[in-house]
Amino acid sequence: VPAALFEKRPAARAFENSVGMRFVPIKPGRFLLGSPASEAMRDAEEKQCETEVGGFLLGTTEVTQAQYLK
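Residues numbered from 1 in each chain as written. Predicted model: local features only at pLDDT ≥ 70, side-chain atom pairs only at ≥ 80, totals over all residues. Heavy atoms only, no water.

A. Representation of the sheet that holds strand S5 (residues 56-59). Taking strand neighbours across the sheet as the criterion, the three strands line up as S1-S2-S5 in an open arrangement whose pairing is antiparallel. Only two strands of the sheet have a single partner each, and these edge strands are strand S1 (15-16) and S5. Where strand S2 (residues 22-26) lies against S5, four bridges are found, and the strand directions are antiparallel. For Phe23, the partnering residue across the bridge sits in S5 and is Gly59. (Pairing = 2+ DSSP bridges. Helix = DSSP H or I, 4+ residues; strand = E, 2+ residues; numbered from the N terminus.)

B. Representation of the packing of aromatic side chains. Following the criterion strictly, the structure yields one aromatic pair and no others. Judged by centre distance (5.4 Å) and plane angle (20°), the ring pair of Phe15 and Phe23 falls under stacked. Here Phe23 falls in the buried class, since its relative accessible area comes to 16%. (Phe/Tyr/Trp six-rings, centres within 6.5 Å; stacked < 30°, edge-to-face > 60°. Buried < 20%, exposed > 50% of the residue type's maximum accessible area, 1.4 Å probe, protein only.)

Interpretation in functional terms is not warranted from these geometric data alone.
Below is the structure:
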């Protein structure tokens, strides 16, 4: 999927859920997963591959015990 398509989507906004957890949107995109051949201590069988992820929401802090229990 061309990156230009993602730029035309309306920007998602941060939000807070019912237990006070704050989330920010992460845009979909592609990246190289794995170690490059030049990385020290890289295993010989490791390979890099292009990976695509969809957009998602990421918590801005760790989950507290109280939030987990709610």
